[in-house]
Amino acid sequence: MIKQITNSLYDQFIADFELRSILSNASESLALHALRKEAFKQFKQLGFPNTKVEDWKYINLSPFLKDDFLTAAEDETIVINKDIIDSAKIKKLGAYHIVMVNGRYQAGLSDTIPGDEVFVSPLAAAMDRPAFEAHFGKNVALDKNHFAALNTALFRDGLFIEIKARIIVEKPIHVIHIISSANTLFLQPRNLFVIGAGADGIIVESFITVNHPEKNAKVFVNDVSEIIVNERARLQHFCIQTGAEHTSYVHHTEVVQRQSSAYNNYKASFPGTALLRNNLNVSLNGENVESHLYGLYLVAGRQIVDNHTTVDHLKPNCHSNELYKGVMKDEGVAIFNGKILVRKDAQKTNAFQKNNNLMLSKKAVVDSKPQLEIFADDVKCSHGSTIGQFDEDALFYLKARGIGEEKAKALLIHAFAFDVTGKIPITALQTYINHLIEEGLN
Amino acid sequence: MLSIKNLRASVEGKEILKGVNLEVKAGGIHAIMGPNGSGKSTLASVLAGNPNFEVTSGEVWLDGKNLLEMAAEDRAREGVFLAFQYPVEIPGVSNINFLRTAMNEIRTYRNLPAMEAKEFLKMVKEKQKLVEFDAALTNRSLNEGFSGGEKKRNEIFQLAMLDPKLAILDETDSGLDIDALRIVSNGVNKLRSDKNAFIIITHYQRLLDYIVPDFVHVLYNGQIAKTGGKELALELEEKGYDWLKEAAKEQELA
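Sequence positions are assigned chain by chain, starting from 1 and proceeding in written order. Working convention: letters from A go to chains and numbers from 1 go to ligands, in the order in which they are written. Restriction of local features to residues with pLDDT of at least 70 applies here, the model being predicted, together with a cutoff of 80 or more for giving and counting side-chain atom pairs; totals for whole chains, interfaces and linings are based on all residues. Values reported for side chains reflect all heavy atoms of the structure, with hydrogen atoms and water molecules removed beforehand.

Chemist: Mind showing me how you'd approach the overall build of chain A here?
Modeler: Of regular secondary structure, chain A possesses 9 helices and 20 strands. Between the two quantities, the radius of gyration covers C-alpha atoms and the globule rule is 2.2 Å times the number of residues to the power 0.38. Computed over C-alpha atoms, the radius of gyration of chain A comes to 21 Å, within 12% of the 22 Å expected from 2.2 N^0.38 for 442 residues, which places it in the range of a compact globule. In terms of overall dimensions, chain A has C-alpha extents of about 70 × 55 × 45 Å along its principal axes. Residues are treated as being in contact if the distance between any of their heavy atoms lies within 4.5 Å. Pairs at least 24 residues apart make up 87% of the contacts formed inside chain A by residues separated by at least 6 positions. To measure how exposed things are, a 1.4 Å probe is used in the Shrake-Rupley method; for residues, cover is taken only from the protein chains shown. With an accessible surface of roughly 18,200 Å², chain A has 49% of that area assigned to carbon and sulfur atoms. Averaging the locations of the 47 positively and 51 negatively charged side chains of chain A gives two centres separated by 2 Å. Note on conventions: DSSP H or I runs of at least 4 residues are helices, E runs of at least 2 residues are strands, and numbering of each starts at the N terminus. Counted as positive: Lys and Arg. Counted as negative: Asp and Glu. His and the chain ends are not counted at all. The atoms used to mark charge sites are NZ of Lys, CZ of Arg, CG of Asp and CD of Glu.

Chemist: Please clarify how the overall build of chain B should be interpreted in this entry.
Modeler: Assigned secondary structure in chain B consists of 9 helices and 12 strands. Taking 254 residues into account, the globule formula puts the C-alpha radius of gyration at 18 Å, and chain B, at 18 Å, falls close to it. Taken over the C-alpha atoms alone, chain B extends approximately 65 × 40 × 35 Å along its principal axes. Relative to its full complement of 254 residues, chain B shows a buried share of 53%. When contacts within chain B are restricted to residue pairs at least 6 apart in sequence, long-range pairs at least 24 apart make up 69% of them. Total accessible area on chain B stands at roughly 11,800 Å², and carbon and sulfur atoms take up 48% of it. Averaged over its 32 positive side-chain charges, chain B has a centre that lies 4 Å from the centre of its 37 negative ones. The buried label applies to any residue whose accessible area, calculated with a 1.4 Å probe on protein chains only, is under 20% of its type's maximum; exposed applies above 50%, and partly exposed to all values in between.

Chemist: When you look at the sheet that holds strand 10 (residues 197-201) of chain B in this model, what are you seeing that I'm missing?
Modeler: All names here are of chain B. Two strands make a pair as long as DSSP finds a minimum of two bridges between them. Reading across from one edge, 6-9-10-3-11-12 is the order of the 6 strands in this open sheet, with mixed pairing throughout. Lying at the two open borders of the sheet, with one neighbouring strand each, are strand 6 (80-83) and strand 12 (223-228). Within this sheet the neighbouring strands show an average axis-to-axis angle of 20°, counted without direction. As paired elements, strand 9 (residues 166-170) and strand 10 share 5 bridges and run parallel to each other. Note on geometry: axes are lines fitted to C-alpha atoms, helical ones only across the stretch in contact, with angles between N-to-C directions running from 0 to 180 degrees.

Chemist: Got a minute to help me understand the packing of aromatic side chains in this structure?
Modeler: The description of an aromatic ring pair rests on the distance of the ring centres and on the angle between the ring planes. Residues and elements named next belong to chain A. Any Phe, Tyr or Trp ring, taking Trp's six-membered ring, that has another such ring centre within 6.5 Å forms a pair; planes under 30 degrees apart are called stacked, those over 60 apart edge-to-face, and the others tilted. Applying the stated criterion across every chain yields a total of 24 aromatic pairs over all chains. Between the aromatic rings of Phe13 and Phe43, the centroid separation amounts to 6.4 Å while the plane-to-plane angle is 90°, which identifies the pairing as edge-to-face. Of this pair, Phe13 sits in helix 1 (residues 2-22) while Phe43 sits in helix 2 (residues 30-46), and the two are 30 residues apart along the sequence. By relative accessible area, Phe13 is classed as buried at 1%. For Phe43, a relative accessible area of 1% corresponds to the buried category. Among the aromatic side chains, those forming a connected cluster through ring pairs are Tyr10, Phe13, Phe43, Phe48, Trp56, Phe69, Phe147, Phe186 and Phe220. The lysine or arginine in question, Lys171, covers the ring of Tyr96, its NZ or CZ lying 4.4 Å from the ring centre. Any Lys NZ or Arg CZ that is within 6 Å of a ring centre and within 35 degrees of that ring's normal is treated as a charge sitting over the ring. Positioned above the aromatic ring of Phe416, the side-chain terminus of Lys325 is 4.1 Å from the ring centre.

Chemist: Would you take a moment to explain the sheet that holds strand 10 (residues 234-241) of chain A for this structure?
Modeler: Working definition: the strands of a sheet are paired by backbone hydrogen bonds and lie parallel or antiparallel to each other. Residue and element names in this part refer to chain A. One open sheet accounts for 10 strands, arranged 2-1-5-8-10-12-14-16-18-20; its pairing is mixed. The sheet is open, and its two edges are formed by strand 2 (104-105) and strand 20 (379-388), each paired on a single side. Relative to strand 16 (residues 319-328), strand 14 (residues 290-299) is paired through 10 bridges, and the arrangement is parallel. Considered in strand 16, the bridge of Leu296 is made with Lys325. Across the sheet, helix 8 (residues 405-421) lies against strand 14, strand 16 and strand 18 (349-359), angled at about 155° from strand 16, the strand it touches most.

Chemist: Is there a simple way to think about the nonpolar core in this case?
Modeler: If you look at soluble globular proteins, the nonpolar side chains tend to sit buried side by side. The set of buried Ala, Val, Leu, Ile, Met, Phe, Trp, Tyr and Cys residues whose side-chain atoms join them within 4.5 Å is what this entry labels a nonpolar core. Residues Leu2, Ile90 and Ile199 of chain B are the most contacted members of the largest nonpolar core, which totals 110 residues. The biggest single contributor to this core is helix 8 of chain A, with 8 residues. Apart from residues no more than four positions distant in its own chain, Ile199 of chain B is found in contact with Leu2, Leu22, Val24, His30, Ile32, Leu47, Leu166, Ala167, Ile168 and Leu169 of chain B. Within the second largest apolar cluster, 48 residues are counted, among which are Leu159, Leu185, Ile195 and Met328 of chain A.

Chemist: What is the right way to read the packing of helix 7 (residues 392-399) of chain A against helix 8 of chain A from this model?
Modeler: A pair of packed helices is characterised by two quantities: the angle between their axes and the separation of those axes. All names here are of chain A. One can describe the packing of helix 7 onto helix 8 by two numbers: an axis separation of 9 Å at closest approach and a directional angle of 130°. When the interaxial angle is binned, helix 7 and helix 8 end up oblique. Crossing angle aside, the handedness with which helix 7 passes helix 8 is right-handed. Across from Ala394, Leu395, Leu398 and Lys399 in helix 7, the residues of helix 8 making contact are Glu405, Ala408, Lys409, Leu411 and Leu412. Throughout this entry, Asp, Glu, Lys and Arg are counted as charged residues, while Ala, Val, Leu, Ile, Met, Phe, Trp, Tyr, Cys and Pro are counted as nonpolar. The remaining residues, Gly among them, count as polar. Of the residues in the contact of helix 7 with helix 8, the class split is 6 nonpolar, no polar and 3 charged. Throughout, the term roughly parallel applies to angles under 35 degrees, roughly antiparallel to angles over 145, roughly perpendicular to angles from 65 to 115, and oblique to all others. A clockwise turn of the near helix away from the far one marks a right-handed crossing, whereas an anticlockwise turn of less than a right angle marks a left-handed crossing.

Chemist: What exactly am I supposed to notice about the packing of helix 3 (residues 95-109) of chain B against helix 4 (residues 117-130) of chain B here?
Modeler: Residues and elements named next belong to chain B. Contact geometry for helix 3 and helix 4: axes closest at 12 Å, N-to-C directions at 110°. When the axis of helix 3 is compared with that of helix 4, the two are roughly perpendicular. Considering how the two elements wind past one another, helix 3 and helix 4 form a crossing that is right-handed. Residues Ile96, Leu99, Arg100 and Met103 of helix 3 pack against Ala117, Phe120, Met123 and Val124 of helix 4.

Chemist: Any chance you could explain the environment of Gly158 of chain A here in plain terms?
Modeler: Residue and element names in this part refer to chain A. If you trace the backbone, Gly158 turns up in strand 4 (residues 158-163). A residue is classified by how much of its surface remains accessible, and Gly158, at 0% relative accessible area, is buried. As for Gly158 and Ser121, which are separated by 37 residues in sequence, their C-alpha atoms are 8.7 Å apart. In contact with Gly158, not counting residues within four places along its chain, are Met100, Gly103, Ser121, Pro122, Leu123, Arg190 and Asn191.

Chemist: Could you clarify how one ought to interpret the pairing of strand 10 of chain A in this entry?
Modeler: In the case of a regular strand, side chains alternate between the two sheet surfaces. All names here are of chain A. Across the 8 residues that make up strand 10, a large majority, 7, are buried. Pairing between strand 8 (residues 200-209) and strand 10: 8 bridges, direction parallel. Pairing of Val204 across the sheet is with Phe238, part of strand 10. Here strand 10 pairs with strand 12 (residues 262-269) via 8 bridges, running parallel.

Chemist: Where do I start with the interface of chain A and chain B in this structure?
Modeler: Accessible area lost upon the coming together of the parts is a frequently used measure of interface size. Listed by partner, the interface residues are 17 residues for chain A and 30 residues for chain B. The buried area of a pairing is the accessible area, by a 1.4 Å probe, that goes missing from both parts when the two are put together, added over both. Carbon and sulfur atoms supply 69% of the area buried between chain A and chain B, which totals about 1,900 Å² over both sides. A per-residue breakdown of the area chain A buries against chain B is headed by Phe396, Tyr397 and Arg401 of chain A, which together make up 42% of the total. Just to be clear on terms, a salt bridge is a Lys or Arg side-chain nitrogen sitting within 4 Å of an Asp or Glu carboxyl oxygen. Summed over the shared surface of chain A and chain B, the number is 2 salt bridges. Taking the shortest distance from any N to any O, the salt bridge between Lys407 of chain A and Glu105 of chain B comes out at 3.7 Å. If you list the elements that add at least two residues to the side of chain A that touches chain B, you get helix 7 and helix 8 of chain A. By residue class, the composition of the side of chain A that touches chain B is 10 nonpolar, 2 polar and 5 charged.

In structure tokens form, the structure reads like this:
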């Protein structure tokens, strides 16, 4: 029965695509058209994943896909105003703000970045740019990623950011992704960030839900972001995920790094959103590449937070380090699946991975699965995974100094998270995330 | 101030304290000595409210309040301080934040306003000087990277900051070299007053050369087998504990 429900959404997308082909979009290139067709073919074959698919075996998606979604809705009236944006800003970050509502760029609510060194626009308006043509859709494996294939076939718009070569952007670019809808929506935003050779930037993405004045309908977001970090470039990329229970996300982030580049991904997920699936794939495609992946998830209620990461070492002399820490409340469910792939050519690789979980509740569940696949012979790799409870000795030490149970636990949770939060190099962001941890605990 | 009556306690079903009686008055310094496994550290843990120990019978009163009915944090707020034998390292909790939290929790309990940051830092400076503890505390995690001696000195510094009624020093001298021992002892001597009291648990007489006790108690097999003045410590140093064991056996037989 459930299968049939999922099938109806599947059928709906098949029909959407056929309709779209008839009304073919003149502004899109032949290459993009061919890509969409190929992606559609893959999705048609793959369908939505069930728990028999290895990468999805811990999540039953049926309850999340059974609603009557509008998949090709016309734009709703936007109810977001300046006050809402102000409250979504991060204090003392001093950033440029880019506002996306239900996956669409909002020029009227976004800052304009002066000069032409940083280019920000809706994706649909960037399709004639060389960076788009050079990189778009080149890196996502459509035959393995059900949702990314669907997104590629049917995305309408999203965000394009390009930082030109050798440009150092001191101010962070803060992208505020807002979901607010009275209609049951299935959204498929598509983003492309290109960091030019030798450039240096900070992109902060925060995901929030804003109450719709009429009612809050369910929204499922299937987004794909491609990120290209060119030779000698550096990108610090933060994703701060909050939201309400009527929202679900499948994020796919595909990062490609060229020679001597550095990419840091900081992911912080907080209670609210019913389902958060984060696929993060990083290809270290050049020598002397450095990648750091830090994750923090605080899971509460009956929330599901699933982090699937792949770190793919393709070339020699690269360094990757991954640390994900989880704090589990209530009946929360978390999945960590971290894969490190060291290809035959990738000699002298250093690759480390760690996942630690702190259980605050007997009913919370964590599935932690580190995977190492090594084909080179001169490498240093390690991985580890722990699931534990409060350190009773530490708790007693704090209490013996007059600190009450709740406060002592809060201190220990902050301390547990500090391995990740302490790595955040921007004080304003560190403060903001610590505040969200505090909120998430209450 | 403190009154322990026929206290019995066990850990994992094994009885360790088998009827301890002890009276401590304000201004007093009591040393508790005894062979390994006699229950000295258990007594300290039980008084501080460590949940790993189960009190099976007896009473403990602190200035008319029933200590055994209180959670560990409330005992601390009432003025009980345990200087740990093995202070815990807590990475990610800063020394300063920890102390300030502790201080304010205790003040709230006593209906006092929270301390201003400036006032607090001034006090930290003063007390660090008083107990000759010059380790950098800001931006450092609690006890992390501290040597054994520094950890013990941090305990005495915390003692100075929190100014308890009753301080229990659980083998604070173990692992200290002679200089550290002198510094720790000086700290304690500066902090003692006619309003507070100390229970000093130690294996060795040498600490008592620096901190002169009013009473020395020998804990043996879960009971206080002998009580005397400071000269008892010297006697123990000379003769060891075997003569006590003999005496205890004879008592049992009699």
